Amino acid sequence: MHQEIPDKQRIVIENIMCTDIDGDGAEKVKGFVTIYDFGGEKVFYNTHHCFMSSNMVFVLVFDVAMCLDPSRKREGYERIEFWLRSIATYAIDQAAHGKGTPPIILVGSHMDIASSNKEDQTRLFDSVIAQLNENTEIRGIIKTLVHEMFPIAHLNISTGKQTTYLNVWKKIIEVAPLQSQWMKPVPARWVAFEHELVRLKNESNAILTYADLLEINRELAVPLEEDDIIQFIWKLKFFGSFLCFDLHSKSPFIVLRAQWIIDAFKAIITDRKFTSKLTAKQRLQWSEYEKSGILPVNFMRQLWGQDKKFGFLEKEDRLCIALETLGLLSKPLSVGTEVDYFIVPSILQTADPEIIGPVLDKPDTVTTATLCLRFDNPFIPQAVWDKMIASCIHRFQRLEQPGLDGLKFIRRGIVCLSVDCLWNMIINCSDNAMKVTLFKENTDRSIPTGTGIPLLHVLEFLLKRILELNHQSHLGYQFYLHNDYRFSTDDKLVKLDDLLDTPRLICYGLKGPGWIDRDDLYVWFKDPNHKVKQAHSRNDDKMKGLPDRKLSFKEIGRVSRYIGRTYQTFFSELDCPVELVDQEMEEHRHLAFRSRIAKVFIHLLKTKADTRFLAIADAMSRHGIDPSKLVNILDSNRNVTFDDETSPASVLQKCPSTKDASIISDHVDIKTYFNLFLELGFSPAKIDDFDDQYRHIKTRVKVTAMLEAFIKETDPCPTVNTILLAMHECDMDTESLIGGLKPP
């Protein structure tokens, strides 16, 4: 139902929109325009896709004199063609409606350098456009998306060119309705909220937390409901005026000034010529970073701390989240201790596909057929692949080979990573295609049906999210199979549909001719005729003693230690949606890796997925984890007395008081507190209640309150022995706690 807008809100909206009546009685409405001036240097290309969308008017300014200079013309045309192709990837509805969305206006600058004669300037400008038009692909883009072209001389001197500039602005206003979101309805109540954000943006505020947004909302003439605020933020994400992050979490935040993010990224990827402010040691660090693409956290802080006015260090945590979400930085996956560096994909050295050759050539190496994902659009920006590599580095551990540094297999456009305890993968990206190959070193040369399916689910999810982030979800792609992880100009790929009709087909690549069998297809895709053997581990000796039931919360906390780097494909094996895994892992990034795995498990329990012991044992077995470890997580197989010869029974059986809670809390690893309280018998819902209640309070204070509740509410009274057993299960320092609890 449509609701009448209150008078108070209507006045606010009218003031914001500045509606005037001109002399002819027509309404004039002023709106807000956000202008982005994208830097042309290649090093900044990865930042453009953080803001570009079909909800824009693109004014593409190019140097005509450069295109006419024989020594520079090739570079000049390549720049124009790159930008036209890049913008064209946002053309979401040109085929369906012929609207020309997003609209492009071409502006040819430096006409005064090309010629001083106006007639010659017109002729030369037309010749450059004609040269562009000779390329079939570019001709199609110009025909569909380019709405006008303007030659301009003396670009930086405004005198005498007011008419020209006015004509450019008139054209911008004329084509503005061709943006994808033009005239799309939004709730009127959002207008005042957005205006307040614009006001704060102009006051140079960089970041607004969710708590800030709630406070702003309370001060509005007509506040929004809290659920409405989240919907509003999701919509803002597409508008392009603001950047929104952590929307799935309980603590989303908005970056009001996108330029702040760009400035932060520039500080760590800028050209060497801009590093003159660095000390001699910092220049050496920069040189090492430039060669490797590995950015130590301490060095990053030094770079961000050079100019205090930006406030990068004060907002470091959220800034890193923003840059990682945008795919500009990637913190590598680490199951144990947290790594102290980032990888910057756009800084990585160009890939040499042959680097992995010696590993693949080993006699015991087994490889799958190569899966190739190729976009229908012939042009895909390198930024898409950089972000894909960044996403994989963050979710899969680097390749581990004896005597080899796994970081050497992380390059721009190609990466070798560990998938699980059995398989590794090569991802190779070039132009509009990505190739994926699985390999393992094993005397067992079998490749079970469906081996690649869990990985493909993950990769498709990551690619889908990257395209959504880049406002390019409409880009379609097809799958093929090949016999080589490398690319060549003579590649002949096998179409999946053809393989369904013919059991064996030939392909060509750098290896020469090779055969692809239908069985290769079912490594990556489901075989409709393949009957899955249910619970094949029932008769396995390693499974003896396992109950046929779902895991308890305590058991989930215990089994989480065994999943480790295999978590992506392991949970996919259990039919856990990749989106759920990703959301839980990112939302709880402040917790230890093991606790994040437990969070995913608990969320999985709420779905219809099979989370019984035998199903989990099967998933573990398929991904190279010894399923016999599950026997160790049953209460019936565990010690009930803490093993410590130095502590007398009187200490172990002591019932701690609530006053002891703060002493115990000081010895708790706060990154693993979630698993500790599962082990102590708290339900996940009870832990969540404490998390909500103490959301804005230090974690140590929350842990103390939880321990107090555990001591007061547990009947019979819990003992020091119980707490020590739980801490030992979570790999915490029990020895120091015993010392703290012993009487002097």
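What you are looking at is a predicted structure, and each value in this text was computed from that prediction instead of being measured. The residue count restarts for each chain, going from 1 along the sequence in the order it is written. Under the rules for a predicted model, residues below a pLDDT of 70 receive no local features and side-chain atom pairs below 80 are neither given nor counted, while totals for whole chains, interfaces and linings still include all residues. The side-chain numbers reported here are obtained from all heavy atoms of the structure, hydrogens and water having been left aside.

**Student:** Quick question: what am I supposed to make of the packing of helix H22 (residues 553-563) against helix H25 (residues 593-605) here?
**Tutor:** What describes two packed helices is the angle between their axes and the distance between those same axes. An axis is simply a line fitted to the C-alpha atoms; with a helix, the fit covers only the stretch in contact. Between two such axes, the angle follows the N-to-C directions and lies from 0 to 180 degrees. Under the DSSP-based scheme used, a helix requires at least four consecutive residues in state H or I and a strand at least two consecutive residues in state E, with every element numbered from the N terminus. Relative to each other, H22 and H25 sit at 130°, their axes nearing to 8 Å. Relative to H25, the element H22 is oriented oblique. Seen from above, H22 lies across H25 with right-handed handedness. Residues Phe553, Ile556, Gly557, Arg558, Val559, Ser560, Arg561 and Ile563 of H22 pack against Arg594, Ile597, Ala598, Phe601, Ile602 and Leu605 of H25. Among the residues forming the contact of H22 with H25, the class breakdown is 9 nonpolar, 2 polar and 3 charged. Should an angle fall under 35 degrees it is called roughly parallel, over 145 degrees roughly antiparallel, and 65 to 115 degrees roughly perpendicular, with every other angle called oblique. Left-handed is the label given to a crossing in which the near helix is rotated counterclockwise from the far helix by less than a right angle, and right-handed is the label when the rotation is clockwise. Note on contacts: a residue pair qualifies if any of its non-hydrogen atoms lie within 4.5 Å across the two residues. Nonpolar residues are Ala, Val, Leu, Ile, Met, Phe, Trp, Tyr, Cys and Pro. Charged residues are Asp, Glu, Lys and Arg, and all others, Gly as well, are polar.

**Student:** I keep staring at the sheet that holds strand S5 (residues 146-151) and nothing clicks. Help me out?
**Tutor:** The strands that make up a sheet are held in pairs by hydrogen bonds between backbone atoms, and each pair lies either parallel or antiparallel. One open sheet accounts for 3 strands, arranged S3-S4-S5; its pairing is parallel. Whereas interior strands pair on both sides, the edge strands pair on one side only; in this sheet they are strand S3 (58-63) and S5. This sheet shows a mean twist of 20° between the axes of neighbouring strands, independent of strand direction. What makes two strands pair is DSSP finding at least two bridges between them. Sheet topology places strand S4 (residues 104-109) next to S5; 5 bridges connect them, and they run parallel. Paired with Val107 across the bridge in S5 is Phe150. Against the sheet, helix H7 (residues 118-133) touches S3, S4 and S5, its axis set at about 145° to S5.

**Student:** Sorry if this is basic, but what is going on with the packing of helix H24 (residues 578-587) against H25 here?
**Tutor:** Viewed as axis vectors pointing N to C, H24 and H25 meet at an angle of 140°, and their least axial separation amounts to 9 Å. Classed by the angle they form, the pair H24 and H25 counts as oblique. The chirality of how H24 crosses H25 is right-handed. Residues Leu580, Val581, Glu584, Met585 and Glu586 of H24 touch H25, and the partners they reach there are Phe593, Arg596, Ile597, Lys599, Val600 and His603. Split by residue class, the contact of H24 with H25 holds 6 nonpolar, 1 polar and 4 charged.

**Student:** Where do I start with the confidence of the model for the protein chain in this structure?
**Tutor:** Keep in mind that low pLDDT regions are not for reading the predicted coordinates in detail. Averaged over the protein chain, the pLDDT score is 87; the fraction of residues at 70 or greater is 91%. Ignoring residues within four places in sequence, the model shows residues 533-539, a span with pLDDT below 50, making 8 contacts including any to other chains. The pLDDT score gives, residue by residue, the confidence of the prediction method on a 0 to 100 scale.

**Student:** Would you mind showing me how to read the pairing of strand S16 (residues 424-430) here?
**Tutor:** Looking along a regular strand, one sees the side chains alternate between the two faces of the sheet. Working definition: with a 1.4 Å probe on protein chains only, accessible area under 20% of the residue-type maximum means buried, over 50% means exposed, and in between means partly exposed. The buried fraction of S16 amounts to 6 of the 7 residues, a majority that puts the element mostly inside the structure. As paired strands, strand S15 (residues 414-418) and S16 are joined by 5 bridges and run antiparallel to one another. Directly across from Val415, in S16, lies its bridge partner Ile427. The antiparallel pairing of S15 with S16 creates a hairpin that spans 5 residues between the two strands. In the sheet, S16 pairs with strand S17 (residues 433-441) via 7 bridges, with the strands oriented antiparallel. Across the sheet, residue Ile426 finds its bridge partner in S17, namely Thr437. Taking the residues between adjacent antiparallel strands as the criterion, S16 and S17 are bridged by 2 residues, where Asp431 takes a positive phi near 55°.

**Student:** Help me out: how do you make sense of the nonpolar core in this one?
**Tutor:** Burial of nonpolar side chains together is a common tendency in soluble globular proteins. Nonpolar cores were defined as sets of buried Ala, Val, Leu, Ile, Met, Phe, Trp, Tyr and Cys residues, with membership established by side-chain atoms within 4.5 Å. Of all hydrophobic cores here, the largest spans 70 residues; its most connected members are Leu84 and Ile268. What Ile268 contacts, discounting residues up to four positions off in sequence, is Trp286, Tyr289, Leu295, Met300, Leu303, Trp304 and Leu329. In this structure, Leu551, Leu580, Ile597 and Leu737 belong to the second largest nonpolar core, which totals 68 residues.

**Student:** Sorry if this is basic, but what is going on with a nonpolar patch on the surface here?
**Tutor:** Patch construction takes residues with relative accessible area above 30% that form no salt bridge. Like charges are linked within 9 Å, and nonpolar side chains (Val, Leu, Ile, Met, Phe, Trp, Tyr) are linked within 5 Å. Per-residue and other accessible areas were derived by the Shrake-Rupley procedure at a 1.4 Å probe size, with only the shown protein chains allowed to occlude residues. Salt bridge, as used here: a side-chain nitrogen of Lys or Arg that lies within 4 Å of a carboxyl oxygen of Asp or Glu. A surface patch of nonpolar side chains, amounting to about 470 Å² of accessible area, comprises Val33, Ile35, Trp169 and Ile173. Its place among the elements puts Ile173 in helix H9 (residues 162-175).

**Student:** Teacher, can you tell me more about the environment of Val128 here?
**Tutor:** Tracing the sequence through the fold places Val128 in helix H7. Sequence separation of Val128 and Cys67 is 61 residues, and the distance between their C-alpha atoms is 7.0 Å. The residues contacting Val128, other than those within four sequence positions of it, are Phe62, Val64, Cys67, Leu68 and Tyr77.

**Student:** Just checking my understanding: could you explain the packing of aromatic side chains for this structure?
**Tutor:** For any two aromatic rings, the description comes down to two numbers: the centre-to-centre distance and the angle of the planes. Ring pairs are drawn from Phe, Tyr and Trp, using the six-membered ring of Trp, whenever the two centres fall within 6.5 Å, and their geometry is named by plane angle: stacked under 30 degrees, edge-to-face over 60, tilted for the rest. Following the criterion strictly, the structure yields 24 aromatic pairs and no others. Where Tyr289 meets Phe299, the ring centres are 6.5 Å apart and the plane angle is 70°; that geometry is what we call edge-to-face. One end of the pair, Tyr289, is in helix H14 (residues 280-292); the other, Phe299, is in helix H15 (residues 297-304), with 10 residues separating them in the sequence. By the burial criterion, Tyr289 is buried, and Phe299 matches it. By definition here, charges over rings are those cases where NZ of Lys or CZ of Arg is within 6 Å of the ring centre and within 35 degrees of the ring normal. Geometry around Phe253 places Arg318 over its ring, the cationic atom sitting 5.7 Å from the centre. Its end group placed over the ring of Phe342, Lys331 keeps NZ or CZ at 4.7 Å from the ring centre.

**Student:** What am I meant to see in unusual backbone geometry here?
**Tutor:** Excluding glycine, residues mostly have negative phi values, and the peptide bonds linking residues are mostly trans. With an omega of 5°, the peptide bond running from Asp715 to Pro716 counts as cis. By secondary structure assignment, the location of Pro716 is in the loop between helix H31 (699-713) and helix H32 (720-729). Unusually for a residue other than glycine, Asp246 sits at a positive phi of about 55°. Of note, Asp246 is situated in the loop between strand S7 (243-245) and strand S8 (253-255).

**Student:** Where do I start with the sheet that holds S7 in this structure?
**Tutor:** The sheet built from 3 strands is open, its strands ordered S6-S8-S7 with antiparallel pairing. Since the sheet does not close on itself, it has two edges, and those belong to strand S6 (207-209) and S7, each with one partner. With strand direction ignored, the average angle separating the axes of adjacent strands in the sheet is 20°. Relative to S8, S6 runs antiparallel, the two being bridged by 3 bridges. For Ile207, the partnering residue across the bridge sits in S8 and is Val255.

**Student:** What is the right way to read the pairing of S17 from this model?
**Tutor:** Across the 9 residues of S17, 8 count as buried, placing the element largely inside the fold. Two elements, strand S11 (residues 365-367) and S17, share 3 bridges in a ladder whose sense is antiparallel. Looking at S17, one finds that Thr365 is bridged to Glu441.

**Student:** Whenever I open this one, H14 confuses me. Can you help?
**Tutor:** Each full turn of the α-helix corresponds to 3.6 residues, which orients residues three or four apart in the same direction. Relative to the 18 Å expected for 13 residues at 1.5 Å per residue, H14 spans 19 Å between its end C-alpha atoms, a close match to the ideal helical length. Within the span of H14, buried status applies to Gln282, Trp286, Ser287 and Tyr289. An end-on view of H14 places all buried positions within 165° of arc, on one side of the element. Residues of H14 that are exposed and point more than 90 degrees away from the buried face comprise Ala280, Lys281, Leu284 and Lys291. Buried-residue contacts for H14 involve helix H13 (258-269), strand S9 (294-296) and H15. Multiplying 1.5 Å by the residue count of a helix minus one yields the expected span of that helix. Arc definition: it is the arc formed by the directions from the helix axis to the C-beta atoms.

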